[in-house]
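# Overview (structure and organization)
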Amino acid sequence: MRQYPHEFVNAVYDFYVVLRELHRRDPEQELQGAALIPYNSILTDAKTMFKYDEMIQSLPEIVTADNIENEVYPRVADTLVVISQIWSSLGTGRGLPV
């Protein structure tokens, strides 16, 4: 089994926990401001680590200057799906909290 940096694994897990709580409150809520920084970082790192994972590579770049300028932000519900897929690709054997 391939080992990934603990910092990355922890970041994905922690971000999932935060997203899950936001989803419980309002799944249609959009990620904005500081929440975009870890999302963009996790997505960028995942695409680097999982170069041969077609599903990860097909995830769209949401945090772009054009999207921010046009106030297009990812919904919490969509982001939760993306982070869950990245977690699955890590193959930790640990499930995410429900």
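Residues numbered from 1 in each chain as written. Predicted model: local features only at pLDDT ≥ 70, side-chain atom pairs only at ≥ 80, totals over all residues. Heavy atoms only, no water.

## Focus on the packing of helix H1 (residues 6-25) against helix H5 (residues 76-90)
Between H1 and H5, the least distance of the axes is 9 Å, while the angle of their chain directions is 150 degrees. Here H1 is positioned roughly antiparallel relative to H5, judged by the angle of their axes. The element H1 and its partner H5 pack so that their crossing is left-handed. Residue-level inspection shows Phe 8, Val 9, Val 12, Tyr 13, Phe 15, Tyr 16, Leu 19, Arg 20, Leu 22 and His 23 of H1 in contact with H5, the latter providing Val 76, Ala 77, Thr 79, Leu 80, Ile 83, Ser 84, Ile 86, Trp 87 and Leu 90. Its residues assigned to classes, the contact of H1 with H5 comprises 15 nonpolar, three polar and one charged. (Axes fitted to C-alpha atoms, helices over the stretch in contact; angles between N-to-C directions. Helix = DSSP H or I, 4+ residues; strand = E, 2+ residues; numbered from the N terminus. Parallel < 35°, antiparallel > 145°, perpendicular 65-115°, else oblique. Left-handed = near helix turned anticlockwise from the far one by under 90°. Contact = heavy atoms within 4.5 Å. Nonpolar A, V, L, I, M, F, W, Y, C, P; charged D, E, K, R; others polar.)

## Observations regarding the environment of Leu 59
When you line up the elements, Leu 59 lands in the loop between helix H3 (54-57) and helix H4 (65-69). For the pair Leu 59 and Ala 46, spaced 13 residues apart in sequence, the C-alpha separation works out to 10.0 Å. Filtering out sequence-adjacent residues up to four positions away, Leu 59 remains in contact with Leu 43, Lys 47, Val 82 and Ile 86.

## Description of the packing of H1 against helix H2 (residues 36-49)
Between H1 and H2, the shortest axis-to-axis distance is 11 Å and the interhelical angle comes to 135 degrees. Taken as axis vectors, H1 and H2 run oblique relative to one another. Taken as a pair, H1 and H2 cross one another with a handedness that is left-handed. Taking contact as the criterion, the partners of Phe 8, Ala 11, Val 12 and Phe 15 in H1 are, on H2, Pro 38, Tyr 39, Ile 42, Asp 45, Ala 46 and Met 49. Residue classes in the contact of H1 with H2 are distributed as nine nonpolar, no polar and one charged.

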